[in-house]
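Chain by chain, the residues run as shown.
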Amino acid sequence: MLLSLLPILSLGILANGLILNKPIPGPGKSDITSNGTVIVSWVAEANDPQFITFEIQNNVTLDSWELARNVEVALGNITGTLDDVGGK
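The structure reproduced in this document is the subject of the present report. Keep in mind that this is a model prediction, so the values were computed, not measured.

**Describing the overall build of the chain**
- When its secondary structure is counted, the chain shows 0 helices and 7 strands.
- Ordered by position in the sequence, the α and β elements of the chain form the string β-β-β-β-β-β-β.
- For the chain, buried positions account for 34% of its 88 residues.
- Across the chain, every contact between residues at least 6 apart in sequence was considered, and the portion connecting residues at least 24 apart equals 59%.
- Carbon together with sulfur atoms contributes 50% to the accessible area of the chain, which is approximately 5,400 Å² in total.

**Quick notes on the pairing of strand β6 (residues 64–72)**
- Two strands pair when backbone bridges link them, and strand β5 (residues 51–58) and β6 are joined in this way by 6 bridges, in the antiparallel orientation. Following the sheet pairing, Ile 52 is matched in β6 by Val 71.
- Where β5 hands over to β6, the hairpin turn is made up of 5 residues, of which Leu 62 adopts a positive phi near 65°.

**Regarding the packing of aromatic side chains**
- Taken as a whole and assessed by the stated rule, the structure comprises 1 aromatic pair.
- Geometrically, the ring pair formed by Trp 42 and Phe 54 is tilted, given 5.1 Å between the ring centres and 35° between the ring planes. One end of the pair, Trp 42, is in strand β4 (residues 37–43); the other, Phe 54, is in strand β5, and 12 residues separate them in sequence.

**Thoughts on the pattern of salt bridges**
- Overall, the coordinates contain 1 salt bridge when judged by the stated rule.
- One salt bridge in this structure joins Glu 66 and Arg 69, with 2.8 Å as the shortest N-O distance.
- When its relative accessible area of 55% is taken as the criterion, Arg 69 is described as exposed.

**Some words on the nonpolar core**
- Of all hydrophobic cores here, the largest spans 14 residues; its most connected members are Val 40, Trp 42, Phe 54, Leu 67, Val 71 and Ile 78.
- Those elements giving two or more residues to this core turn out to be β4, β5 and β6.
- Not counting residues within four places of it along the chain, the set of residues in contact with Trp 42 comprises Leu 18, Ile 19, Leu 20, Asn 21, Phe 54, Val 71, Glu 72, Val 73, Leu 75, Gly 76, Asn 77 and Ile 78.

**Some remarks on the side chain of Asp 48**
- Considering the arrangement of structural elements, one finds Asp 48 in the loop between β4 and β5.
- We note that Asp 48 is buried and unpaired, the nearest opposite charge coming from Arg 69 at a distance of 18 Å.
- Here Glu 45 takes part through its backbone nitrogen, which lies 2.8 Å from a polar atom of the side chain of Asp 48.

What counts and how
Residues numbered from 1 in each chain as written. Predicted model: local features only at pLDDT ≥ 70, side-chain atom pairs only at ≥ 80, totals over all residues. Heavy atoms only, no water. Helix = DSSP H or I, 4+ residues; strand = E, 2+ residues; numbered from the N terminus. Buried < 20%, exposed > 50% of the residue type's maximum accessible area, 1.4 Å probe, protein only. Contact = heavy atoms within 4.5 Å. Areas by Shrake-Rupley, 256 points an atom, 1.4 Å probe, with all protein chains shown as cover. Pairing = 2+ DSSP bridges. Phe/Tyr/Trp six-rings, centres within 6.5 Å; stacked < 30°, edge-to-face > 60°. Salt bridge = Lys/Arg side-chain N within 4 Å of Asp/Glu carboxyl O. Core = buried A, V, L, I, M, F, W, Y, C linked by side-chain atoms within 4.5 Å. Lys, Arg positive; Asp, Glu negative; His and termini not counted. Polar contact = N/O pair within 3.5 Å; in protein donor to acceptor, adjacent residues only side chain to side chain.

The structure is reproduced here in structure tokens:
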């Protein structure tokens, strides 16, 4: 089942000052969906750590899923898969 996840999920970051852009669907997709890919990009600030971890949290159930661990901040973006992320 494909679910549009943007209204119910928020992307949490474990970094200070990192400016997160709105996540977008992966290549060839029109929506961000469970078991689909998502591209997350950001603008780093001078005092950000070298590496960060991205998690996704369901705002209704407060369930969390790790999207990427130990991502190098200097990269500016990642593409990850939302494995079995549930909706409402």
